[in-house]
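Listed here are the chains, written in short residue letters.
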Amino acid sequence: MYGDVVMGVHSSKFEAVLDRVREENGYKFDNQMTVEQLKDVVREFKEICEKDGHPLPQDPMDQLWGGIGAVFQSWMVERAIIYRKLNNIPGDWGTAVNVQTMVFGNSGDNSATGVCFSRDPATGENYFYGEYLKNAQGEDVVAGIRTPQPMTCLVKERRKIDLPCMEEEFPELFKQLSDIRAKLEAHYKDMQDMEFTIQDGKLWMLQTRNGKRTGTAALKIAVDLVHEGLIDKKTAVLRVEAPQLDQLLHPMFDKNAKKEVLTMGLPASPGAAVGQVVFSAEDAEKTVQTGKKVVLVRVETSPEDIAGMHVSEGILTARGGMTSHAAVVARGMGKPCVSGVADLRIDYEGKFLKVGDTVIKEGDMISIDGTTGQVMKGALPLVLPEMTGDFGEFMSWVDEIRVLGVRANAETPLDAKTARGFGAEGIGLCRTEHMFFDPHRINFMREMILSNTESDRRKALDKLLPFQRKDFIDLFTIMEGLPVTIRLLDPPLHEFLPNKREEQIEIAQQIGVTVEEIAARTAKLHEANPMLGHRGCRLGVTYPEIYEMQAQAIFEAAVSVMKSTGKQFVPEVMIPLVGTKKELDMMHKAVDKMAQKVIAESGHTFEYKIGTMIELPRAAIVADKIAETAEFFSFGTNDLTQTTLGMSRDDAGAFLPEYVQKGIYEADPFASLDQEGVGALVEIAAERGRKTRPNIKLGICGEHGGDPKTIDFCHRVGLTYVSCSPYRVPIARLAAAQAAVRNEKK
Amino acid sequence: MTKWVYTFGDGAAEGDAGMRNLLGGKGANLAEMSRVGVPVPPGFTITTEVCTYYYENNHTYPADLKEQVMSALHDIEEKMGRKFGDENDPLLFSVRSGARVSMPGMMDTVLNLGLNDKTVLGLAKRSGNEKFAYDSYRRFI
């Protein structure tokens, strides 16, 4: 120890001696050595130090200063520096040095050493948890040479352990330790992780600290401590971290199950998934219809795969990072996803995948863990997370405390129901384009796109109208009067057209045009940079009939639901990609006109709001002018980040990881809002928007809406609500409450 | 004069849990436990400021550190009624790191400081357990 730690003699030299002595005498453990053998070992150890040019200092004071120096030196060893980097610990904090009287747990049978928690760190249950070893030093408990003994008879019985527990072996000291457990917990008002040693019948405490715990335990302990009067609700809300709550919402692999890890990828979307392997979105849908569960395996995914992803248990991709299409969509759906598995080879033709020599065919079972990135062959057992009464109670405190509203990004009835189940207070973003990908209507959409005249386009749109109206009726019905913000068509039209020749042939037949027409239109719509191309309100300006149809569907649906339920509500229509007030004015006029028309035709009067996305820097800068028309702003921070940083999310994979690693950006700006840059634009827009329209509603609807750090920012800037994917809603609620408590304290 | 050393143990401490930045997590909690009357083996914490000084001053210590360490050491000897380096009944020390946040296994620890060819005999005699004494000595080296 001193030899290698302080004097830098390589530890292998000492280990070689111990190995030899063990081998010569047929010992398994060091503690089998006799006194004479130990004396020889000591002599040899000292010789090693001398030969190395570092004789062991015999003066205790020299030893002490050597030890102190070694600890300070170790602050700057490479592994400590790396650890600090990984955990964002500043290097200038420095370390303290603790010099403490040695107590020995290995000085006889009236001695022991142990590690314990004041409550169960896995379940949070309130009982004394831990283990100890008689006649042993701390390192022996960790090393696993001997089986440690349980603290209490309760645990001994529960786990059917055949060893004596501390309660039996040291009844008086156990009583003393139990009192200390209660005292420390009451003092620190949190679950404690403690180390103790008994030397010759006297108990000493060597450490206490707030214990690490699972999500289940964090929640239970927080709720219990409030009931016990140790902490208040605001403190309790800070005791559960967002990732811990996330753990509670996804099915998990049974921790006791044996598993063999086949390969690893990125933990792109948390949770565990088990299912048959399928290699295309279509096969996923077909297989699921037969009542089977599937894991979709793709090289990478694209928007066309959405339906297949939706029915899959989980998604596994060979390419793509944490913000790839597969990862973003999977997180949105609450589906486990492992992405970027570098050694995964996929043969679409042969319908099999290969990792090294292991082949998995279509239909074989596979298990993926989106929390760790692990991929396992076969079906691992799953356990459902428990949504016990504690969860509900905890979340009610969360809702009492938070100021920010929490809505969900949702367009399907399933999404909307899920969102409400998770406590969403409305829909902050309904992406209407997702409604057109449905197989029953995509061809009407394509007919519209392939039309050469406005009247042909209107004919095709007339066919789409009933579908859209039905979509909105469903949403309004499920949301029961809660606010629903509907964004008009946003993506460029070529996203709806097929690129592959076979598909073009198939579609040409289906809708009665020539393949050449489809190919020509696809070519004509091709854009060098679609993100900055013919999309958003630019579609509304050039093809006003599209937005007219959508507005008609929204208002007719609203009237229909208001009439059938007898309750009034306020639909919110949102115009995407606005950069100038004039654009918004044009769109506003068209939507307004349609609203008046629906009111006149239905004889039913209702209120509605027209607002805009703020997703271009220009829009943020001229927000005061835009607010003259817009009744609400929703910050589309995905595009606002792309346009502010001049960085395409789809191409950022090539350099962004290195940027984050080198600290150019603190975190992935597509996952956590770049507060300094994009955040400043949000603040400018909020301030200028309010100047024109003091009561303007302000929301955020990008991926960032579910990120706790971004939510804290939104709270500070005073936004009205955040909107995120349905499965992130509970986390957003928690983060909003934590933001309220933290910022109140400051 | 800057205070570089904070003692703890035997029902009292110069530091407390609120001094995590100065004493590190471990040191602050040892001080706090001592204050609330939990039995903690007496000891002292050398502050994180010494670490900062050490790296800012070419790996040297503040001039008055030695004096403060010696004073703290005598304090422990008095509490324990034993002496560091005593050949008949040696007091032994552990030296452990302790940053503001736990960095498990990242930095160095030295146990059983104070053992040498003479004190090991005293430890054997006092404990009546020669094997324990030599096992401790070899673990120390």
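Everything discussed here concerns the structure shown above.
These figures come from a predicted structure and were not determined experimentally.

Cut-offs and rules
- Residue numbers run consecutively from 1 along every chain, following the written order of its sequence.
- Just so you know, chain letters begin at A and ligand numbers begin at 1, following the order they were written in.
- Where totals are concerned, whole chains, interfaces and linings use all residues; where local detail is concerned, this predicted model gives features only for residues with pLDDT of at least 70, and gives and counts side-chain atom pairs only at 80 or more.
- Only hydrogens and water are set aside when side-chain values are computed; all heavy atoms of the structure are taken into account.
- Should any heavy atoms of two residues lie within 4.5 Å, those residues are counted as being in contact.
- Throughout, the accessible surface (probe 1.4 Å) given up by two parts as they are put together, summed over both, is called the buried area.
- By definition, a salt bridge exists where a carboxyl oxygen of Asp or Glu is found within 4 Å of a side-chain nitrogen of Lys or Arg.
- Pairs of N or O atoms are called polar contacts if they sit within 3.5 Å, as long as, within protein, a hydrogen donor faces a hydrogen acceptor (for residues adjacent in sequence, only side-chain-to-side-chain pairs).
- Helical segments are the DSSP runs of H or I of at least four residues, strand segments are the runs of E of at least two, and each set is numbered from the N terminus.
- Three categories are distinguished: nonpolar for Ala, Val, Leu, Ile, Met, Phe, Trp, Tyr, Cys and Pro, charged for Asp, Glu, Lys and Arg, and polar for the others, with Gly belonging to the last.
- Three labels apply to residues, based on accessible area from a 1.4 Å probe with only protein chains included: buried if under 20% of the type maximum, exposed if over 50%, partly exposed otherwise in between.
- Throughout, the arc means the angular range of directions from the helix axis out to the C-beta atoms.
- For Phe, Tyr and Trp, rings pair up if their centres lie within 6.5 Å, where Trp contributes its six-membered ring, and each pair is then called stacked (planes under 30 degrees apart), edge-to-face (over 60) or tilted (otherwise).
- Lysine NZ or arginine CZ positioned within 6 Å of the ring centre and within 35 degrees of the ring normal marks a charge as sitting over the ring.

**Q** What is the right way to read the interface of chain A and chain B from this model?
**A** One frequently used descriptor of interface size is the decrease in accessible area upon assembly of the parts. The partner chain B presents 79 residues to the 74 residues of chain A that form the contact. When chain A packs against chain B, close to 7,200 Å² is buried across both sides, 63% of that on carbon and sulfur atoms. Here chain A and chain B share two salt bridges between them. Linking chain A with chain B are 33 residue pairs in polar contact (both at pLDDT 80 or more). Per-element accounting of the side of chain A that touches chain B gives the leading share, 13 residues, to helix α4 (residues 60-74) of chain A. Of the residues in the side of chain A that touches chain B, the class split is 42 nonpolar, 21 polar and 11 charged.

**Q** Hey, could you run me through helix α21 (residues 515-525) of chain A in this one?
**A** Given 3.6 residues per turn, any residue in an α-helix points the same way as the ones three and four places further on. All names here are of chain A. Within the span of α21, buried status applies to V515, I518, R521, T522 and L525. End-on view of α21: buried residues confined to an arc of 135°, all on one side of the axis. Looking at α21, the residues exposed on the side facing more than 90 degrees away from the buried face are E516, A523 and K524. Where α21 is buried, its residues contact α18 (442-450) and α20 (501-511).

**Q** When you look at the pattern of salt bridges in this model, what are you seeing that I'm missing?
**A** Charged atoms that come close allow side chains of opposite charge to pair. Residues and elements named next belong to chain A. Following the criterion strictly, the structure yields 56 salt bridges over all chains and no others. R20 is the salt-bridge partner of E44, the closest N and O atoms lying 2.6 Å from each other. Note that E44 is positioned in helix α3 (residues 35-51) and R20 in helix α2 (residues 11-25), a separation of 24 residues in sequence. Linked by salt bridges that have partners in common, E433, R487, D490, R535 and D639 make up one network.

**Q** I would appreciate a short explanation of the environment of B:A13 in the present structure.
**A** Residue and element names in this part refer to chain B. Examined against the element boundaries, A13 turns out to sit in strand β2 (residues 12-13). Counting along the chain gives 19 residues from A13 to E32, while the straight-line C-alpha distance between them is 7.3 Å. Leave out the neighbours within four places in its chain, and A13 touches T7, F8, A31, S34 and R35.

**Q** How should I be thinking about the packing of aromatic side chains in this particular structure?
**A** Each aromatic ring pair is characterised by the separation of its centres together with the angle its planes make. One pass over the structure, following the stated rule, counts 26 aromatic pairs over all chains. Between the aromatic rings of A:F128 and A:F174, the centroid separation amounts to 6.1 Å while the plane-to-plane angle is 40°, which identifies the pairing as tilted. You can see A:F128 sitting in the loop between β2 (112-117) and β3 (129-134) and its partner A:F174 sitting in helix α9 (residues 171-188), a full 46 residues away along the chain. Neither A:F128 nor A:F174 differs from the other in exposure class; each is buried. Each ring, one from A:F555 and one from A:F606, has its centre 5.7 Å from the other, and the planes form 35°; the classification is tilted. Of this pair, A:F555 sits in helix α23 (residues 544-565) while A:F606 is found in the loop between α24 (581-602) and β24 (609-614), placing the two residues 51 residues apart along the sequence. By the burial criterion, A:F555 is buried, and A:F606 matches it. Feature note: the residues A:W65, A:F72, B:Y54, B:Y55 and B:Y61 constitute an aromatic cluster, connected by ring pairs. Sitting over the ring of A:W75, A:R84 keeps its end group 3.9 Å from the ring centre.

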